[in-house]
Each structure stands twice: as structure tokens, then as C-alpha cells.
Amino acid sequence: MEKVFKKEIGAYIKSLCLRHQIDVSTETFNEIYFDLYIPKLSRVFIFHSFNDSANDHYYSLKEVKHSDDLLQVVHIWEDQWLFNKNKIESRIASMLGITKRIHGRETNIVKIDNDQLLKFLSENHMNVPIKAQHKYGLTKNQELVAVMSFSKGRTIIRNNKPFNSFELLRFCNKLEVTVVGGFSKLLNHFISKNDPDDIMTYVDADWSDGQSLSTNGFHYIETMPTMEFWLNIQTGDRE
């Protein structure tokens, strides 16, 4: 399966780049191991297959950690490609700027229920769908094109003072769609309605370094240790 996985996803990215006249390279960048390099985005892709050893994964991750800070890295795993191929394809296309773009001002903010949230996340988000206390969507022509969800508030004591803190649980665009400004529109709406003292969230380091969040007022706190999990190769579930 290793050769099939890496050949398929490599061919997909190369075909997108070719159709949209985006340079893509397989040459070594600063002696760092990778599968594809897209100079326009200063981004490299590393593909991890079932047959790679733990040492192989550690080696490539370690090299990236000590590489050029301006280089963004995307790690794609074989199980993700097998079980969420359409979501992977959409996310890569979004990175390349070739999804359908809708401006936030063309959309309306709506409250959604957990059934709507879970259905949308299941169809469009990579991670496991989860319920939320606060959930909002963006619609265009009555079609849901993005969602954002938050936990309920909890009181945290900092410097001997209580803070009303919330967690941003999920943000997601519809597949093959990018709502420009949609993240900030939904975030600002939540803030106006709930007056939080702070909001925290996590970033999936396989896909992002989190720098885009800084434009919306988020600040880096820490990097979590690498996670280990069991994979059910029949269902794609990670535990």
C-alpha cells in the first residue's frame, strides 16, 4: 500500500499544481527529507505510510523541527488518505488557493444546533465531530458554508483573579469552499455575544504552525508532546 498511497497523493498535488501553473519540486530543500516542495507557498509535504517505522517518522519530524523557521510543513498519513481522501484533497486545494472563494460579507451568521453541527463536521472536518455549547454557522443562499463551535465558559484563576475562559473547539469550511474572512466574522460574533475574558484553542501541527491565528489575536503558549495512538485499519478510527 505504501507505493500506492505516496504515488496517488503525489500525483494529485502535482496535477493541481500543473493545471494552475504552480511550481512543485521533489529536490531536497536544505538537506531536509520531504516528498514534495512548493516554493510559492514555502511549504513541504511529507507522506507517512503504514510501512514506515517509528524511527522513520521521528527522523523526518526531527529534521523539520530544526529546519528553516519560514518553511511550513504538512504531514499526511496513509490512514487519512484512505478514509478521508475528499477532505485531504479539499484542504490541499485550499492551501493552493484554488477552492471556490466566498467573501464573508456575502454570508449571514446563523445559530445552529448540535445535529447540524455534527453533520457538517462529519462531512467536512478531518477530526472527530463533537458537540458544543455555542455553535454558529455562515450561510449563503440558505446553504451552510462554514461553522464554528465553542465550549461552555469556565472560571480560571490567574494572578488571583477569575477569568471567564472558553475553548474554540472547531472551525470548518464546506469542502472545496473558502469563506474569506469567515473565521474572524464568526469569532467576533461569538465575542460580542458572550464577552469572554479569553479563548483558547489547539492547532493540528500536521497541517499548520498556527501563525494565521495571530491575526485574530491569539498568542502561542506551548507545543504539546507528540501523540501516540492505535489505529483501527478497518475503520480508520484512531484511539
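Note that the structure is predicted; figures quoted are calculated from it, not measured.

In this section: the overall build of the protein. Within the protein, the regular secondary structure consists of six helices and 11 strands. By residue count, 43% of the 239 residues in the protein fall in the buried class. Taken as a whole, the protein presents about 15000 Å² of accessible surface, with 48% of it coming from carbon and sulfur.

It is worth spelling out the nonpolar core at this point. Core analysis: the largest hydrophobic core is formed by 21 residues, its most contacted members being Ile9, Ile13, Phe45, Phe47, Ile76, Ile88 and Ile92. Broken down by secondary-structure element, the contributors of at least two residues to this core are α1 (2-19), β1 (36-38), β2 (43-48), β3 (72-77) and α4 (85-95). Among the elements that take part in this core, α1 stands out by supplying six residues, more than any other. What Ile76 contacts, discounting residues up to four positions off in sequence, is Phe5, Ile9, Phe45, Ile46, Phe47, His48, Ile88, Ile92 and Trp207. With 18 residues, the next largest nonpolar core counts Leu138, Leu168, Val179 and Leu187 among its residues.

Turning next to the packing of aromatic side chains. Under the counting rule described, the total for this entry stands at seven aromatic pairs. Geometrically, the ring pair formed by Tyr12 and Trp81 is tilted, given 6.3 Å between the ring centres and 50 degrees between the ring planes. In this pair, Tyr12 is assigned in helix α1 and Trp81 in helix α3 (residues 78-83), connecting sequence segments 69 residues apart. You'll find Tyr12 and Trp81 in the same group, each marked buried. A centroid spacing of 5.2 Å and a plane angle of 80 degrees characterise the contact between Phe166 and Phe190, whose relative ring orientation is edge-to-face.

This part takes up unusual backbone geometry. If you check the backbone angles, Gln21 has positive phi at about 55 degrees while not being a glycine. Of the residues examined, Gln21 reaches a relative accessible area of 76% and is grouped as exposed. Phi angles above zero are rare outside glycine, and Ser42 is one such case at about 50 degrees. Within the secondary structure, Ser42 sits in the loop between β1 and β2.

Here the focus is the pattern of salt bridges. A complete count under the given rule lists five salt bridges for this structure. Of the charged contacts, one joins Arg238 and Asp79 as a salt bridge, the two residues approaching to 2.9 Å between their closest N and O atoms. Here the residue Arg238 occupies a position in the segment after β11 (198-200), and Asp79 occupies one in helix α3, the gap between them amounting to 159 residues. By relative accessible area, which is 34% here, Arg238 ends up partly exposed. The exposure class assigned to Asp79 is buried, which follows from its relative accessible area of 7%.

A cluster of nonpolar side chains, Phe50, Leu82, Phe83 and Ile233, forms an exposed patch at the surface whose accessible area comes to about 360 Å². For Phe83, the location among the structural elements is in helix α3. Classification of Phe83 by relative accessible area gives partly exposed; the value is 33%.

This paragraph deals with the pairing of β2. Regular strands show a simple pattern: their side chains alternate between the two faces of the sheet. Along β2, six of the six residues are buried, which leaves the element largely enclosed by surrounding structure. Residue alternation in β2 divides its side chains into two sets, Arg43, Phe45 and Phe47 and Val44, Ile46 and His48, and both sets are buried. Across three bridges, the pairing between β1 and β2 is antiparallel. Each bridged residue has a counterpart across the sheet, and for Tyr37 the counterpart in β2 is Val44. Following β1, the chain reverses through four residues before pairing antiparallel with β2; Ser42 in that reversal takes a positive phi of roughly 50 degrees. With six bridges connecting them, β2 and β3 associate as parallel partners. Bridge assignment links Arg43 to a residue of β3, and that residue is Gln72.

Basis of the calculations
- Residues numbered from 1 in each chain as written.
- Predicted model: local features only at pLDDT ≥ 70, side-chain atom pairs only at ≥ 80, totals over all residues.
- Heavy atoms only, no water.
- Helix = DSSP H or I, 4+ residues; strand = E, 2+ residues; numbered from the N terminus.
- Buried < 20%, exposed > 50% of the residue type's maximum accessible area, 1.4 Å probe, protein only.
- Areas by Shrake-Rupley, 256 points an atom, 1.4 Å probe, with all protein chains shown as cover.
- Core = buried A, V, L, I, M, F, W, Y, C linked by side-chain atoms within 4.5 Å.
- Contact = heavy atoms within 4.5 Å.
- Phe/Tyr/Trp six-rings, centres within 6.5 Å; stacked < 30°, edge-to-face > 60°.
- Salt bridge = Lys/Arg side-chain N within 4 Å of Asp/Glu carboxyl O.
- Patch = residues over 30% accessible without salt bridge, like charges linked within 9 Å, V, L, I, M, F, W, Y side chains within 5 Å.
- Pairing = 2+ DSSP bridges.

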